[in-house]
Every structure is written in C-alpha cells, then in structure tokens.
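What follows is the residue order along each chain.
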Amino acid sequence: MDVMRIRPVDIIIVLLILVVVPLGRFFHTTKSAYLMGTPIKVRVDGYFSVLLSPHAIGEVRRLEGSFGSSIPEGEIGLVNSLAGLAPIQVSEDTFRCVEVAMEISRLSGGAFDITLGHSKDLILNSEGRQLFLKRKGVKIDLGAIGKGYAADHVRRLLLKSGAKSGMIDMRSTIAVFGKKRWKIGIQHPRKSNELIGKITLINGQSLSTSGDYERGGHIIDPRSGKAADMCQSVTVVGHNAAETDALSTAVFVLGPRSGLKLIGSLPGYEALIIDKEGAIVKSSGFNLEEI
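Our subject in this report is the structure included herewith. Think of each chain on its own: its residues are numbered from 1, step by step along the sequence as written. It should be noted that, the model being predicted, local features are given only for residues of pLDDT at least 70 and side-chain atom pairs only at 80 or more, the latter also being counted only at that level, while totals for whole chains, interfaces and linings use all residues. Where side-chain values are given, they derive from all heavy atoms of the structure, hydrogens and water being excluded.

### Some words on the overall build of the protein chain
Think of it this way: any DSSP run of H or I at least four residues long counts as a helix, any run of E at least two long counts as a strand, and we number them from the N terminus. A count of helices and strands for the protein chain gives seven helices and 15 strands. Only protein chains enter the accessibility calculation, which uses a 1.4 Å probe; a residue is then buried when its area is under 20% of its type maximum, exposed when over 50%, and partly exposed in between. Going through the 291 residues of the protein chain one by one, you find that 51% of them count as buried. Here the Shrake-Rupley method, with its probe set to 1.4 Å, supplies the accessible areas, and only the displayed protein chains count as covering residues. Surface summary for the protein chain: the accessible area is close to 14,300 Å², and the carbon and sulfur share equals 53%.

### Description of the pairing of strand E13 (residues 231–238)
Within E13, eight of the eight residues are buried, which leaves it mostly tucked inside the rest of the structure. Between any two strands, pairing holds if DSSP finds at least two bridges. In terms of strand pairing, strand E10 (residues 206–211) meets E13 through six bridges, oriented antiparallel. When the bridges of E13 are listed, Ser-208 appears paired with Val-236. As paired strands, E13 and strand E14 (residues 270–275) are joined by six bridges and run antiparallel to one another. Pairing of Val-236 across the sheet is with Ala-271, part of E14.

### Remarks on the packing of aromatic side chains
Ring pairs shown here join Phe, Tyr and Trp side chains whose ring centres sit within 6.5 Å, with only the six-membered ring taken for Trp; geometry is labelled stacked below 30 degrees between planes, edge-to-face above 60, and tilted in between. All chains considered together, the criterion is met by one aromatic pair. Relative to Tyr-149, the ring of Phe-67 has its centre 5.8 Å away and its plane inclined at 70°; by these criteria the two rings are edge-to-face. Here the residue Phe-67 occupies a position in helix H2 (residues 49–67), and Tyr-149 occupies one in helix H5 (residues 146–160), the gap between them amounting to 82 residues. Take Phe-67: its relative accessible area is 5%, and that puts it in the buried class.

### A word on the nonpolar core
Counting 63 residues, the largest nonpolar core has Leu-142, Ile-145 and Leu-158 as its most contacted members. No other element matches helix H6 (residues 241–254), which puts nine residues into this core. If you look at the next biggest cluster of nonpolar residues, it comprises 14 residues, including Met-167, Ile-174, Ile-184 and Leu-207. Definition of nonpolar core: a set of buried residues of the types Ala, Val, Leu, Ile, Met, Phe, Trp, Tyr and Cys, connected through side-chain atoms within 4.5 Å.

### Details of the sheet that holds E14
Taken in spatial order, the eight strands line up as E1-E2-E6-E7-E10-E13-E14-E15 in an open sheet, and their pairing is antiparallel. On the outer flanks of this sheet lie strand E1 (28–35) and strand E15 (280–282), each paired with one strand and no other. Within this sheet the neighbouring strands show an average axis-to-axis angle of 10°, counted without direction. In the sheet, E14 pairs with E15 via three bridges, with the strands oriented antiparallel. Counted as the bridge partner of Ile-274 is Ile-280 from E15. Packing against the sheet, H5 makes contact with strand E2 (38–45), strand E6 (165–169), strand E7 (173–177) and E10, and its axis sits at approximately 15° to E7. With axes taken as lines fitted to C-alpha atoms, and helix axes fitted only over the stretch in contact, angles between N-to-C directions fall between 0 and 180 degrees. For this analysis, residues touch if any pair of their heavy atoms sits within 4.5 Å.

### Some details on the pattern of salt bridges
Pairs can form between side chains of opposite charge once their charged atoms are near each other. What counts as a salt bridge is simple: a side-chain nitrogen of Lys or Arg found within 4 Å of a carboxyl oxygen of Asp or Glu. Taken as a whole, this structure holds 11 salt bridges when the rule is applied. The residue Arg-96 makes a salt bridge to Glu-99 at a minimum N-O spacing of 3.6 Å. In this pair, Arg-96 and Glu-99 both sit in helix H4 (residues 92–107), three residues apart, roughly one turn of the helix. Glu-289 is paired through a salt bridge with Lys-183; the nearest N and O atoms lie 2.8 Å apart. In this pair, Glu-289 sits in the segment after E15 while Lys-183 sits in strand E8 (residues 182–187), placing the two residues 106 residues apart along the sequence. Judged by relative accessible area, which is 52%, Lys-183 ranks as exposed. Residues participating in the shared-partner salt-bridge network are Arg-43, Asp-45 and Lys-180.

### Some remarks on the environment of Ser-172
As for its position among the elements, Ser-172 is in the loop between E6 and E7. Taking C-alpha positions, Ser-172 is 8.6 Å from Thr-38, a pair spaced 134 residues apart along the chain. Excluding its chain neighbours within four sequence positions, the residues that come into contact with Ser-172 are Lys-147, Leu-207, Ser-208 and Thr-209.

### So, H4
By this rule, a helix spans an expected 1.5 Å times one less than how many residues it contains. For H4, built from 16 residues, the straight-helix expectation of 22 Å at 1.5 Å per residue is met to within 8% by its first-to-last C-alpha distance of 23 Å. Those residues of H4 that sit buried are Asp-93, Thr-94, Phe-95, Cys-97, Val-98, Val-100, Ala-101, Ile-104 and Ser-105. Buried residues belonging to H4 abut H2, helix H3 (75–81), strand E4 (122–125), strand E5 (130–133), H5 and H6. At the C-terminal side of H4, Gly-109 shows a positive phi close to 65°.

### Observations regarding the layout of surface pockets
Roughly 1,300 Å³ of volume is contained in the largest pocket. Within this scheme a cavity is a closed region of a 1 Å grid, computed over the protein atoms alone, that accommodates a 1.4 Å probe without allowing it to escape, whereas a pocket is open but has protein on both sides within 12 Å along at least five of seven lines; lining residues each have an atom within 4 Å of a point. Lining of the largest pocket is provided by 40 residues; of these, Lys-147, Ser-172, Thr-209, Ser-210 and His-218 occupy positions nearest its centre. For the lining of the largest pocket, the secondary-structure elements that each account for two or more residues are E2, E6, E8, E10 and H6. For the lining of the largest pocket, the element with the highest residue contribution is E8, accounting for five residues. Per-class residue counts for the lining of the largest pocket are 20 nonpolar, 11 polar and nine charged. Grid points are joined across faces, edges and corners, and a volume is the space filled by probe spheres set on the points. Three residue categories are used. Nonpolar comprises Ala, Val, Leu, Ile, Met, Phe, Trp, Tyr, Cys and Pro, charged comprises Asp, Glu, Lys and Arg, and polar comprises the others, including Gly.

Shape descriptors only; they carry no functional weight alone.
Right, dumping it as structure tokens:
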C-alpha cells in the first residue's frame, strides 16, 4: 500500500464539516491506540488530518499483525512455526524490515540480532521475498525494530497523502515530519519524573531510546546470551526510524566506547549514552538542551 487512500465520500464529509465548524479546529488531529505492546499517538496537521490520523493507526495495526512473533497467523509467526521445514513468502514491509535488521546486525558485529545469536540460520531470498529459518526452534523477533519501521512507514504514507506535518510517537521511538520543530524530552533512566534534557527534532528526523527504565536486564547481548549491563539508557537520532530503533539497542549492548564508534561511522546519526555509572556520554553532534 503506497498511499492512504481517501474516498470521495470522505472528502465530501470533511468539506461539510469545515463549512459548519471553524477551520482552526481541524488543522490538526491526534489519535491514540495501544499497539505493538506500547501506547502510540499519531498527530497529523493539515486539512484532512481528521481522516489521515485514523488511517495511520490502522496501518500500525496492520503491521503489528505481520510483525508479531506471538501471532501464529502473522507472517513472522508463520516463519517461526515453519523453521527447519519451509520458506515463507512475506509482504514487502516484512521483508524490508528484516533486511534493515540484518544490515544493523552486520554493522554492529552481532550486537543487534533479531534471531538472538542465530543469524546464520536466517535465509533471505530477495527475488521471491521469502524468509527461511534453517533450524527448528530458531525464531525471529522484530520487537527492537518493528516500532521504528512502523513509524517510518506511517510517516511516508502521511506525506504522500497530503499531510503538512506531524509526529508519530511510539514511546521508545518518535518520528516527525514537516516544517515544525518538535521539542522532545529525554527521560532520566533512574528517576521516572525527571528529564535529563531535551532535543529538538526537525523535518524527517527520528529518535529512539533503549534502556532499563522499567525492568533491568531485559536487553540481551545476543553474542553471549547474557543481559547487557554497560549502559542505563541510549538515545539515537537520525533520519530512519527503523535504523534508530535498532541502533539504540545495538549501542546499549556494545557500551559507550564501541557504541560511539559505531555511531561515528554512520553519517547523519548521533547518540547520547548514560553509562552504567550514570555518566552522560554523547557524540559530538548530539545537541542536548537544558530543561
């Protein structure tokens, strides 16, 4: 699906609403939902925001059905259930998301891995858009990249559909578009009611954060199978939300020194790290603003 399609009847409804109600009320619309295991909000600016924001939520719901490893009838669920038996042809979105994940795995030396240490068992056939896990019991989990991919996908479709500006807030990943400047607070990993600072996101930028905010030890180093413990939190900013989502996890696993080296090798990406002692380390281009 390349564009969020608006039916003629939808246009008529919006025009009738605009005649009756002051225009200002419909310059922006925010819709919320709980999808992909997190609360999400989609803010859309423009004349048709009242129609586009629900469509955006619907697209995230559709991707959730494809990406969820715990959904047996979903694409990733089927790939996992047929591990060692047969390849599965998947949608362009699912295949692309896995491709991005595998590239971040390669760049990070396996610190990010959707197969939890079994990447050699995952076969991608780009011609047939097929995924195959060679060994039974090996699984794919897109939990550390799926939200970022969904944010990117929705942002792209909203722009093609005529939205002027907006923000897709999936809690750990935020993507913005348009001419507005968005101030985003970065939460302190140990003090739930405190921010360590804020950052301004501009047209096309994305921000992703990985950390042990709610449950320590849940980010696993796929190379060792043990909990990653060199950081309290990592925030990555860039122009591709799927990549910032995956990179924030990769840097968390790698730790400050190797993590910043990885970010430094990727043009257009910046990172802020709070190490295990609580010290702030950041790349030279990360502009942390005071509260």
